[in-house]
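So the chains spell out like this:
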Amino acid sequence: MHSIAYHTVLIKDIVLETPGVKRLFIQYPEPIDFKPGQFVILKFEGLQHQFDTRSYSIAGQTTRDTLELCIVVKEDGAATPLIFEKGVGETLLSSMPEGRFTLPEESIDKPYFFICTGTGVAPFRCMVHELLHTQKYTQPVHLFFGCRTQKDLLYYEEFKQIELQYPNFKYYPVLSREAWDGLTGYVHPHYLSLIQQQPPAVFYLCGWTEMIKETRDNIKALGYTRQDIKVEFYD
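Each residue is numbered by its place in its chain's sequence as written, counting from 1. Selection of residues for local features in this predicted model requires a pLDDT of at least 70, selection of side-chain atom pairs for listing and counting requires 80 or more, and totals for whole chains, interfaces and linings are taken over all residues. Think of the side-chain values as coming from all heavy atoms in the structure, minus any hydrogens and water.

1. Points about the overall build of the chain
Helix and strand counts for the chain come out as five helices and twelve strands. Between the two quantities, the radius of gyration covers C-alpha atoms and the globule rule is 2.2 Å times the number of residues to the power 0.38. In terms of overall dimensions, the chain is globule-like: its C-alpha atoms have a radius of gyration of 18 Å, near the 18 Å expected for 235 residues. Relative to its full complement of 235 residues, the chain shows a buried share of 48%. Only heavy atoms matter for contacts: two residues are in contact if any of them lie within 4.5 Å across the pair. The long-range fraction of contacts in the chain, counting pairs at least 24 apart against all pairs at least 6 apart in sequence, stands at 71%. Of the roughly 11900 Å² of accessible surface on the chain, 50% is carried by carbon and sulfur atoms. Just so you know, the count uses Lys and Arg for positive and Asp and Glu for negative, and it drops His and the chain ends. Positions of charges follow a simple convention, taking NZ of Lys, CZ of Arg, CG of Asp or CD of Glu. Counting 23 positive and 29 negative side-chain charges, the chain places the centres of these two groups 3 Å from one another. Working definition: helices are DSSP H or I runs of at least four residues, strands are E runs of at least two. Numbering for both runs from the N terminus. Relative accessibility thresholds used throughout: buried, under 20% of the residue-type maximum; exposed, over 50%; partly exposed, between the two (1.4 Å probe, protein chains only). Calculation of accessible area relied on Shrake-Rupley with a 1.4 Å probe; when residues are assessed, cover is drawn exclusively from the protein chains displayed.

Below, the structure written as structure tokens:
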């Protein structure tokens with residue numbers, strides 16, 4: 001594994017997205033290269049834990065030197081409470097963008113299925129923007145986002161707006177613990193209803209481990225191969 005260099009980054013802005021999730025905008029000293037789907041590693045000095053680093057998916061790049069992170073607080077965690085105490089103008093230690101959970105180097109001519117839970121939606125926000133805004137992708141792009149209640153629906157209005165703007169983008173928010181006028185339960189029956197006949201597709205899964213394992217098993221049972229599926233475990 002390569003040695004990781006850490007950079008002092010400035011907390012440029014903080015947005016409370018939900019009661020337990022903050023959007024953190026971190027500014028590097030110089031422009032940086034970033035691929036949708038990557039993450040950064042934050043290093044904490046004197047952390048009372050076996051490991052002094054934590055990885056966070058990148059939810060966006062607002063300018064060439066500024067990244068957006070989407071961070072959920074874990075009340076009993078060692079790192080996120082420290083982040084949540086930080087304010088605008090303070091600093092953190094961060095790696096450059098890392099990871100290979102990214103879109104193919106060469107464009108593929110297949111529908112995309114992005115399936116996620118919780119803040120696992122963050123990398124898919126970047127990928128959706130990359131495919132639709134930048135690459136002008138015309139094949140279907142499906143985003144299945146499972147969470148507990150409406151207040152947990154990160155970037156809800158943004159995704160609804162993208163759906164209006166791009167006819168090939170379909171957004172499926174699914175709530176497991178609240179009745180509403182949208183989809184309910186878990187994400188599995190909702191994506192399965194679209195792939196029963198095994199149409200050509202590529203799958204990206206990000207979120208809670210159990211969801212990913214079940215989704216991967218479901219997809220493979222229909223005849224898709226390991227090459228069709230990319231995963232990023234969240235917990």
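2. Side note on the packing of aromatic side chains
Here is the rule: rings of Phe, Tyr and Trp (six-membered ring for Trp) pair when centre to centre is within 6.5 Å. Planes less than 30 degrees apart are stacked, more than 60 are edge-to-face, and the remainder are tilted. Counted under the stated rule, the structure contains 17 aromatic pairs. Both rings, one in F144 and one in Y191, keep their centres 6.2 Å apart while their planes meet at 85°; by these two values the pair is edge-to-face. Within this pair, whereas F144 is found in strand β8 (residues 141–147), its partner Y191 is found in helix α4 (residues 188–195), the two being separated by 47 residues in sequence. Residue Y191 is classed as buried on the basis of its relative accessible area of 0%. One aromatic cluster in this structure is built from F101, Y112, F114, F124, Y137 and Y204. Throughout this description, the term charge over a ring refers to an Arg CZ or Lys NZ atom that lies within 6 Å of the ring centre and within 35 degrees of the ring normal. Taking NZ or CZ as reference, K22 lies 4.9 Å from the ring centre of F84, over its face.

3. Thoughts on the packing of helix α2 (residues 121–134) against helix α3 (residues 156–165)
Interhelical geometry of α2 versus α3 gives an angle of 20° and a closest axis separation of 12 Å. It follows that α2 is roughly parallel to α3 by the angle criterion. The two elements α2 and α3 meet at a crossing, and its hand is left-handed. Across the interface between the two elements, V121, R125, V128, H129, L132 and H133 from α2 touch E158, F159, I162 and Q165 from α3. Taken together, the residues of the contact of α2 with α3 break down into five nonpolar, three polar and two charged. The convention used is that axes are lines fitted to C-alpha atoms, helices contributing only their stretch in contact, and that angles between N-to-C directions extend from 0 to 180 degrees. We call two directions roughly parallel when the angle between them is under 35 degrees, roughly antiparallel when it is over 145, roughly perpendicular when it lies between 65 and 115, and oblique otherwise. Should the near helix be turned anticlockwise from the far one by less than a right angle, the crossing is left-handed, and should it be turned clockwise, the crossing is right-handed. Throughout, the ten residues Ala, Val, Leu, Ile, Met, Phe, Trp, Tyr, Cys and Pro are labelled nonpolar, Asp, Glu, Lys and Arg are labelled charged, and all others, Gly among them, are labelled polar.

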